[in-house]
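Report on the structure
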Amino acid sequence: MIKHIYISNFRSIVELEVEPRNLSALIGPNSTGKTNVLKAIDLVLGEGWTTKAKVARELFNDVAKPIVIEITITQPFVFTNYKGVVCRVFKVKLEMKMQPDFSCAVRMIDENGYEHYLNEDFKKFCHFIYIPSFRDLNAQMRVSNWTLLGKLMKVVYDNYVTFYGENEDALKDDFKKIMFEPKAFLENDFDPSPTTVTFKKFSDCFKKYCIENSAGFASTLEPNLNIYNLNWFYKTLQISVKEKLSPKEFDSEEVGAGMQNLILISIFQTYAELMGGKVIFGIEEPEIFLYPQAQRSLYKCFQSLSEKTQIIYTTHNPNFVDAQRAYEIVMLQRHFENGTYKFEKSAFINEIEAEKQKFKIYSHFNTERNEIFFAKKILLVEGASDKILFTTLLNDKWGIDIDKLGISVIECGGKGGVIYFSGLCIAMGMDNFYAVWDEDEEVEDKHSILATLLKKGQGLELAPNLEVFLNSKIKELNLNPNSNDKIKQAFDWITAVDPKIIPEEFEQLKPFFEPIKVEETEANAQV
């Protein structure tokens, strides 16, 4: 399994270190570089061999500097080198350059710091399979050397050969004998009429033309047509689907994209279970084509499979994260100058503390509040009336399109909830949130989180509460803090109010949530 990843100068990444768990979710807004982490791993551990032929401008963040990718593994790869020395490898390193000349080297590094050429045995030992978001589903349903299904069938075939005492010829001979009758059945010239095409007529006609066309060759071409692949029995494996509501059976290539994706995910799950401990998966957006219940089911499956294998995935879906497993979340952001970076979690975010806080986390989190992990900016508020007021203020009064800009307004269920979620954001290393709360409620804040937010300019306290605060700032306004209809009351006021008389204290939020100006973006991009 992968213990540590170091990436430098690769695509959007200037420098990044990640320590993945057996199950790791890479999350963050679009274009932050989540996919680039998986591509970096694939460049080093993937099925292909990375040589200087793969050097390309778009891989470099800065063409004047080399790309460096180092991957450290948990268990050593042990091999004997050409000198007969037993070596223990814990790290593999890729270095790629464009200047002064194109070059690329991938080396294993042993515990003494000596470098060795990457070999096929290491690739099998630390086997990485990358499943991109753009999935050619039809291609993945076929049995070939490059598909999950094909790899699995190759293992089945190799194990069959082993069962035959490595005597592959004996296995093929037995297979031919068993297949004689079904082969004769399919190749039978069941209709002697010359106008009816049968397999026998096709075979005879095809062989005839092959022999005629090869008349001038050194050796005559005499093809042998088989209804099976003698060199790889499972090559002709075909998946078909029978739906409950229809008696008809369909080839997997004929069903819709959603059904095909379910089949592909099932192949992935089968591969992971049967090959557990021998493979590392990198999966982009596993939620594609899945309805919510299926997403949650697959996420639970990921948790189970990760006990034996490693799964690193990207997602934009709250159903694929769990606050009780926040230690598995890697939150990525992107800076104009410094590229992709991660929020540095506190040591408090771990399995032991998660177990202690299990029921508290359960009571605080839901799918909507999981948006905390995905938003570019977050506004934490106490209740529903606060949420509707500030959402309308941002969207309608200030023209800040919160959905377009990736802003989430999270209702925390009171002042205690604001403290809880603010503390969680701080522990996760997040600096992209702002909090608003009422002064009146006495709630324990033993870590002085609210005072810290006020000091940092990331918080606003309304004295004594939202309604009384607004009444004190706006003449003739008479909002009732004890009303049973506080949500409508807040909405009616914010929709009708003249933006010019909105309390200046609210203006503190505006620069935090306003989009970066185009001129600034272009200037930073040039830098």
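Our subject is the structure that appears above.
So, here's what we can say about the structure.

Digging into the packing of helix 8 (residues 257-274) against helix 9 (residues 292-305)
Following both chains from N to C, one finds helix 8 and helix 9 inclined at 15°, their axes separated by 10 Å at the closest point. Comparing their axes, helix 9 and helix 8 come out roughly parallel. When the axes of helix 8 and helix 9 are compared, the crossing they make is left-handed. Between helix 8 and helix 9, the contacting residues are Ile265, Phe268, Gln269, Ala272 and Glu273 on the first element and Leu298, Cys301, Phe302 and Leu305 on the second.

Let's talk about the pairing of strand 8 (residues 127-131)
Within strand 8, 5 of the 5 residues are buried, which leaves it mostly tucked inside the rest of the structure. In strand 8, alternate side chains face the same way, and those of His127, Ile129 and Ile131 on one face and Phe128 and Tyr130 on the other are all buried.

Some remarks on a nonpolar patch on the surface
Taken together, the side chains of Val197, Phe202 and Phe206 define a hydrophobic patch exposed on the protein surface, amounting to about 310 Å² of accessible area. Examined against the element boundaries, phenylalanine 206 turns out to sit in helix 7 (residues 199-213).

A short note on the packing of aromatic side chains
Two numbers describe a pair of aromatic rings. These are the distance of the centres and the angle of the planes. Summed over the entire model, instances satisfying the criterion amount to 26 aromatic pairs. Centre to centre, the rings of tyrosine 271 and phenylalanine 281 are 5.9 Å apart; their planes meet at 80°, and the pair counts as edge-to-face. You can see tyrosine 271 sitting in helix 8 and its partner phenylalanine 281 sitting in strand 11 (residues 279-284), a full 10 residues away along the chain. Considered together, tyrosine 271 and phenylalanine 281 belong to a single accessibility category, that of buried residues. Note on phenylalanine 365 and phenylalanine 421: the rings are 5.1 Å apart at their centroids and 70° apart in plane angle, and the pair reads as edge-to-face. Of the two residues, phenylalanine 365 sits in the loop between helix 11 (358-364) and strand 15 (377-381) while phenylalanine 421 sits in helix 13 (residues 415-427), which places them 56 residues apart along the sequence. Judged by its relative accessible area of 13%, phenylalanine 365 falls in the buried class. Put simply, the rings of Phe268, Tyr271, Phe281, Tyr299, Phe302, Tyr313 and Phe320 touch in pairs and so form one group of aromatic residues.

What about the pattern of salt bridges?
A full pass over the atoms with the stated rule returns 16 salt bridges. Residue lysine 93 pairs with glutamate 70 through a salt bridge whose shortest N-O separation is 4.0 Å. Of this pair, lysine 93 sits in strand 5 (residues 86-97) while glutamate 70 sits in strand 4 (residues 67-80), placing them 23 residues apart in sequence. A salt bridge links arginine 369 to glutamate 411; its shortest N-O distance comes to 3.8 Å. Pair noted here: arginine 369 is in the loop between helix 11 and strand 15 and glutamate 411 is in strand 16 (residues 407-411), with a separation of 42 residues, a long-range link. Taking the relative accessible area as the measure of exposure, arginine 369 reaches 11% and is therefore buried. Within this structure, Glu70, Lys91 and Lys93 form a network of salt bridges that share partners.

Focus: the side chain of serine 422
Structurally, the position occupied by serine 422 is in helix 13. Apart from residues no more than four positions distant in its own chain, serine 422 is found in contact with Leu380, Phe433, Ala435, Ile449 and Leu453.

A short note on the nonpolar core
The biggest cluster of nonpolar side chains holds 77 residues, and the ones touching the most others in it are Phe268, Phe281 and Phe373. When near neighbours in sequence (up to four residues on either side) are disregarded, phenylalanine 268 contacts Ile131, Leu148, Phe281, Ile283, Phe302, Leu305 and Ile311. In terms of nonpolar packing, the next biggest core, distinct from the first, is built from 43 residues, Leu38, Phe77, Phe122 and Ile280 among them.

Observations regarding helix 16 (residues 486-496)
Listed as buried for helix 16 are Gln489, Ala490, Trp493 and Ile494. Down the axis of helix 16, the buried set is contained in an arc of 120°. They therefore lie on one face. On its buried side, helix 16 packs onto helix 12 (384-397) and helix 15 (466-473).

Quick look at the environment of leucine 453
Mapped onto the fold, leucine 453 is located in helix 14 (residues 449-456). According to the relative accessible area criterion, leucine 453 is buried, its value standing at 1%. In this structure, leucine 453 is in contact with Ser422, Phe433, Ala435, Trp437, Gln458 and Gly459, ignoring residues within four places of it in sequence.

Here's the deal with helix 5 (residues 168-178)
Taken residue by residue, helix 5 has Leu171, Lys172 and Phe175 as its buried positions. All buried residues of helix 5 fall inside an arc of 95° around its axis, so they share one side. Exposed residues on helix 5 whose side chains face more than 90 degrees from its buried face are Asp169 and Lys177. Buried-residue contacts for helix 5 involve helix 4 (148-163).

Some thoughts on unusual backbone geometry
Looking along the chain, the bond that leaves glutamine 99 and enters proline 100 is cis, with omega of 0°. Along the chain, proline 100 falls in the loop between strand 5 and strand 6 (103-110). A positive phi is found at arginine 11, a non-glycine position, where the angle reads about 50°. One can find arginine 11 in the loop between strand 1 (2-10) and strand 2 (13-18). For arginine 11, a relative accessible area of 27% gives the class partly exposed. Backbone geometry at glutamate 476 places phi at a positive 65°, although glycine is not the residue there. You can see glutamate 476 is positioned in the loop between helix 15 and helix 16.

As for the pairing of strand 3 (residues 23-27)
Summarising burial for strand 3: 5 of the 5 residues are buried, a large majority. The sheet contact formed by strand 3 and strand 12 (residues 310-314) spans 4 bridges and is parallel. Across the sheet, residue leucine 23 finds its bridge partner in strand 12, namely isoleucine 311. By the bridge criterion, 3 bridges tie strand 3 to strand 13 (residues 329-335) in an arrangement that is parallel. Note that in strand 13 the partner of leucine 26 across the bridge is valine 330.

Some remarks on the sheet that holds strand 17 (residues 433-438)
Read from one edge to the other, the open sheet built from 4 strands follows the order 16-15-17-18, with strand pairing classed as parallel. Because the sheet does not close on itself, it has two edges, and the strands there are strand 16 and strand 18 (459-462). Going from strand to strand, the sheet's axes swing by 15° on average, the running direction of each strand aside. As paired elements, strand 17 and strand 18 share 4 bridges and run parallel to each other. Across the sheet, the residue bridging to aspartate 438 is leucine 462, located in strand 18.

Reading guide: rules and limits
- Residues numbered from 1 in each chain as written.
- Predicted model: local features only at pLDDT ≥ 70, side-chain atom pairs only at ≥ 80, totals over all residues.
- Heavy atoms only, no water.
- Axes fitted to C-alpha atoms, helices over the stretch in contact; angles between N-to-C directions.
- Helix = DSSP H or I, 4+ residues; strand = E, 2+ residues; numbered from the N terminus.
- Parallel < 35°, antiparallel > 145°, perpendicular 65-115°, else oblique.
- Left-handed = near helix turned anticlockwise from the far one by under 90°.
- Contact = heavy atoms within 4.5 Å.
- Buried < 20%, exposed > 50% of the residue type's maximum accessible area, 1.4 Å probe, protein only.
- Patch = residues over 30% accessible without salt bridge, like charges linked within 9 Å, V, L, I, M, F, W, Y side chains within 5 Å.
- Areas by Shrake-Rupley, 256 points an atom, 1.4 Å probe, with all protein chains shown as cover.
- Salt bridge = Lys/Arg side-chain N within 4 Å of Asp/Glu carboxyl O.
- Phe/Tyr/Trp six-rings, centres within 6.5 Å; stacked < 30°, edge-to-face > 60°.
- Core = buried A, V, L, I, M, F, W, Y, C linked by side-chain atoms within 4.5 Å.
- Arc of directions from axis to C-beta.
- Pairing = 2+ DSSP bridges.

Any functional reading would require information that these geometric values do not contain.
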